[in-house]
Amino acid sequence: MLLADWKGHNILRVNMKKKAVGVVCHKAFNQPNDLTINTKDQLFASDPNWKDGTGKLWRIEPDGEAILLRDDMGTTNGIELSPDEKILYVNESVQLKVWAFDVDDKGNISNQRLFHEFDDFGLDGMKCDEKGNLYVTRYGKGTVAILSPRGQLIREVELKGEKPSNLVFGGRDGKTVYVTLQDRK
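Owing to the predicted nature of the structure, the values given are computational and were not obtained by experimental measurement. (Residues numbered from 1 in each chain as written. Predicted model: local features only at pLDDT ≥ 70, side-chain atom pairs only at ≥ 80, totals over all residues. Heavy atoms only, no water.)

A. The overall build of the chain, seen in detail. The number of helices and strands found in the chain is 0 helices and 17 strands. For 185 residues, the compact-globule formula gives about 16 Å, and the C-alpha radius of gyration of the chain, at 16 Å, lands near that figure. Taken over the C-alpha atoms alone, the chain extends approximately 40 × 40 × 35 Å along its principal axes. The burial tally for the chain puts 47% of its 185 residues in the buried class. Placing the 27 positive and 28 negative side-chain charges of the chain at their respective mean positions leaves the two points 5 Å apart. (Helix = DSSP H or I, 4+ residues; strand = E, 2+ residues; numbered from the N terminus. Rg over C-alpha atoms; globule rule 2.2 N^0.38 Å. Buried < 20%, exposed > 50% of the residue type's maximum accessible area, 1.4 Å probe, protein only. Lys, Arg positive; Asp, Glu negative; His and termini not counted. Charge placed at Lys NZ, Arg CZ, Asp CG, Glu CD.)

B. Main features of the nonpolar core. Ranked by size, the top nonpolar core spans 13 residues in total, and within it Tyr89, Val98, Phe115, Phe118, Leu134 and Val136 carry the most contacts. In terms of residue count, strand 12 (residues 122-128) provides more of this core than any other element does, 3 residues in total. The residues contacting tyrosine 89, other than those within four sequence positions of it, are Gly78, Ile79, Glu80, Ser82, Trp99, Ala100, Phe115, Met126, Cys128, Leu134 and Pro149. By size, the runner-up hydrophobic cluster in this structure holds 12 residues, among which are Phe44, Leu69, Leu81 and Trp99. (Core = buried A, V, L, I, M, F, W, Y, C linked by side-chain atoms within 4.5 Å. Contact = heavy atoms within 4.5 Å.)

C. Up close: the sheet that holds strand 11 (residues 109-117). The 4 strands are arranged 8-9-10-11 in an open sheet whose pairing can be described as antiparallel. The open sheet has two free edges, formed respectively by strand 8 (76-81) and strand 11, since each of these has just one partner strand. Averaged over all pairs of adjacent strands, the angle between strand axes in this sheet comes to 25 degrees, irrespective of strand direction. Alignment of strand 9 (residues 87-92) against strand 10 (residues 97-103), held across 6 bridges, turns out to be antiparallel. (Pairing = 2+ DSSP bridges. Axes fitted to C-alpha atoms, helices over the stretch in contact; angles between N-to-C directions.)

D. Region of the structure containing unusual backbone geometry. One non-glycine residue, aspartate 41, lies in the positive phi region at around 65 degrees. Relative to the helices and strands, aspartate 41 resides in the loop between strand 4 (35-37) and strand 5 (43-49). Here aspartate 41 falls in the partly exposed class, since its relative accessible area comes to 47%. Located in the positive-phi region is asparagine 111, a residue other than glycine, with phi close to 55 degrees.

Shown next, in the form of C-alpha cells:
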C-alpha cells in the first residue's frame with residue numbers, strides 16, 4: 001500500500017503482511033496529497049500548498065527519484081490516469097478546475113488543457129471507470145460528479161454527507177463506488 005504522508009512530507013510504502021512502513025521518497029514536498037500509479041510503477045502525486053493556494057505535480061520513479069513535473073499550478077489535489085494511461089487528470093480544489101495532460105511512454109506530461117471547470121464548491125479525490133468517465137468528489141456539495149472522457153458533466157450523484165474526500169471502485173465486479181465522507185466519519 002502506498003500513502004501520501006502530508007505531515008512528514010513523504011511517500012510511504014506499507015507492507016501489509018509485515019505491517020512495516022518504509023519511505024519510498026522524501027522530498028521538499030508542500031503536502032503530498034493524492035497519488036495515482038501506472039503499470040510501470042511510476043507514481044504521480046499532487047502536492048498542494050493550501051496556505052498559498054498553489055500546488056505542484058510530481059512523478060516518483062520506482063527507485064524513489066522524485067521528478068517535478070509542474071510547480072505553477074493552483075491547489076492541486078485529486079489526481080488520476082485514464083484507463084489507457086495516456087491522460088493524467090489533476091484538479092485544483094480551490095480554483096475549481098480539472099486539467100488534463102498528455103502522458104508519454106516515459107511518464108512526461110505535455111499539452112495541458114482545461115478539462116472541466118466547476119462554478120462552486122471544492123474538488124477532492126478522483127477516479128476513472130473502465131469507460132474513461134472521471135468521477136470527481138465535490139467537497140461541500142456532497143456529490144460525486146461524473147464527467148465524460150470529453151469533460152462534459154454526465155450527472156451528479158447526491159451523497160448522505162456534504163464532505164466527500166475520496167473514492168474507489170470495488171465490489172465483486174469492480175463497479176461499485178465507495179466514497180469517504182469526512183463529515184460522516
